[in-house]
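The chain contents come next:
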Amino acid sequence: MARGGRGRHLGLALGLLLALVLAPPALRAKPTVRKERVVRPDSELGERPPEDNQSFQYDHEAFLGKEDSKTFDQLTSEESKERLGKIVDRIDNDGDGFVTTEELKTWIKRVQKRYIYDNVAKVWKDYDRDKDDKISWEEYKQATYGYYLGNPTEFHDTSDHHTFKKMLPRDERRFKAADLDGDQTATREEFTAFLHPEEFEHMKEIVVLETLEDIDKNGDGFVDQDEYIADMFSHEENGPEPDWVLSEREQFNEFRDLNKDGKLDKDEIRHWILPQDYDHAQAEARHLVYESDKNKDEKLTKEEILDNWNMFVGSQATNYGEDLTKNHDEL
């Protein structure tokens, strides 16, 4: 039995948990896939459980970025501390020798944006077939669905046929929402909104709608408790549900189902996955300061950060910290 992507993570902003990363088109390139859902905001920092490898992993990905936090075992602790020190110098924008919560927040948001725009840059050339620095819907459709459209009989009565038939109109709907000027072509910014809709205000209704469609298996336009649980957990054997599932059922009843009618509508789904009063970068910055601020002056010296280096950049036990293998000017 597995908990389907429900640990602590950066929420929708990192992508979410979940961001949409498309593989380069191949003969049977896959359409966009659903991302992870947003988990509830962390409890008050003073009530956090002792740190473990899983929660450290969250910190490393927030501080370094998911793609740049995977090969720390190449470095000794001395090497990692030296390179972390160079990163700290970059975070300290005003050069006063202290890293504030606001400076950490700015850094974390920068890491988030770097991941998103790097992702778009990686796939851009695969879709911009005529090299005009725009991607038309036709280019995207042919790159992603071309084989399916040209060889529909090969997908007859297969799960792939069902997937492509379902996802093509869904991608077209999302593409149109991202295409603000309605010219059926996407600039880099519009294509970024298409791939990472959770990052753009005008795309959030699409995020809510796609989430509803993903979870609503009986097609009634709502998400009931069983559908909510099934989205994150499935029984491999008949047996008791683990404690965390029981806790999620309580969360559904107490905090998700706001009008207490036993199901979630679009507004309740929006409140769940796009919380308006929660800034993940602010929360993570506060957490890093809280855990490392020895003298409790609400700001960090380089020494305090280096003394708690494993929280920021990883350790050999957790195999995280690839950013430290780069030249610090690349960060």
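Here the structure is a predicted model, which is why all the values come from computation and not from measurement.

### Comments concerning the side chain of D92
(1) Moving on: Mapped onto the secondary structure, D92 falls in the loop between α2 (77–91) and β1 (98–100).
(2) Moving on: Buried and unpaired, D92 has K302 as its nearest opposite-charge partner, separated by 8.1 Å.

### Topic: the confidence of the model for the protein chain
(1) Moving on: When pLDDT is averaged along the protein chain, the result is 78, and 73% of the positions lie at 70 or above.
(2) Moving on: When the criterion is pLDDT under 50, residues 1–36 qualifies, and its contacts beyond four places in sequence or with other chains add up to 127 contacts.
(3) Moving on: Confidence drops under a pLDDT of 50 for residues 315–326, and excluding neighbours within four residues, the segment shows 56 contacts in the predicted structure.

### Digging into unusual backbone geometry
(1) Moving on: Of note, Q184 is a non-glycine position whose phi angle comes to about 65°, a positive value.
(2) Moving on: Of note in this structure, K296 is not a glycine but carries a positive phi near 55°.
(3) Moving on: Under the relative-accessibility criterion, K296 is labelled exposed at 55%.

### Structural notes on the side chain of S292
(1) Moving on: Considering the arrangement of structural elements, one finds S292 in helix α11 (residues 280–292).
(2) Moving on: Residue classification places S292 among the buried positions, given a relative accessible area of 2%.
(3) Moving on: In contact with S292, other than residues within four places in its own chain, are L300, E304, N308, M311 and F312.

### Quick notes on the packing of helix α3 (residues 101–127) against α11
(1) Moving on: Axis separation between α3 and α11 bottoms out at 8 Å; the angle between their running directions is 130°. Accordingly, the angle class assigned to the pair α3 and α11 is oblique. In this structure, α3 meets α11 at a crossing whose hand is right-handed. Counted together, T101, E102, L104, K105, I108, K109 and Q112 of α3 and H280, A281, Q282, E284, A285, R286, L288 and V289 of α11 form the full contact between these two elements.
(2) Moving on: Counted by class, the contact of α3 with α11 contains six nonpolar, four polar and five charged residues.

### Some words on the UniProt feature "domain: EF-hand" (unreviewed entry) in the protein chain
(1) Moving on: In the numbering used here, UniProt assigns the "domain: EF-hand" (unreviewed entry) feature to residues 79–114, 115–150, 166–201 and 203–238.
(2) Moving on: Within residues 115–150, the helical portion is 75% and the strand portion 6%, while the C-alpha atoms at the span's ends are 34 Å from each other.

### Remarks on the packing of aromatic side chains
(1) Moving on: All chains considered together, the criterion is met by 16 aromatic pairs.
(2) Moving on: Measuring from centroid to centroid gives 5.8 Å for F233 and W244, while their planes differ by 85°, and the two rings are edge-to-face. Taken as a pair, F233 in the loop between α8 (225–230) and α9 (243–256) and W244 in helix α9 lie far apart in primary sequence, eleven residues in all.
(3) Moving on: On the basis of relative accessible area, W244 is assigned to the buried category, the value being 19%.
(4) Moving on: Aromatic ring contacts, followed pair by pair, group W124, Y127, W137, Y140, F175, F191 and F194 into a single cluster.
(5) Moving on: The positively charged end of R188 is found above the aromatic ring belonging to W124, 4.4 Å away from the centroid.

Cut-offs and rules
Residues numbered from 1 in each chain as written. Predicted model: local features only at pLDDT ≥ 70, side-chain atom pairs only at ≥ 80, totals over all residues. Heavy atoms only, no water. Helix = DSSP H or I, 4+ residues; strand = E, 2+ residues; numbered from the N terminus. Buried < 20%, exposed > 50% of the residue type's maximum accessible area, 1.4 Å probe, protein only. Lys, Arg positive; Asp, Glu negative; His and termini not counted. Salt bridge = Lys/Arg side-chain N within 4 Å of Asp/Glu carboxyl O. pLDDT = per-residue confidence, 0-100. Contact = heavy atoms within 4.5 Å. Axes fitted to C-alpha atoms, helices over the stretch in contact; angles between N-to-C directions. Parallel < 35°, antiparallel > 145°, perpendicular 65-115°, else oblique. Left-handed = near helix turned anticlockwise from the far one by under 90°. Nonpolar A, V, L, I, M, F, W, Y, C, P; charged D, E, K, R; others polar. UniProt positions renumbered as here; feature names shortened; annotations may be inferred. Phe/Tyr/Trp six-rings, centres within 6.5 Å; stacked < 30°, edge-to-face > 60°. Lys NZ or Arg CZ within 6 Å of the ring centre and 35° of its normal.

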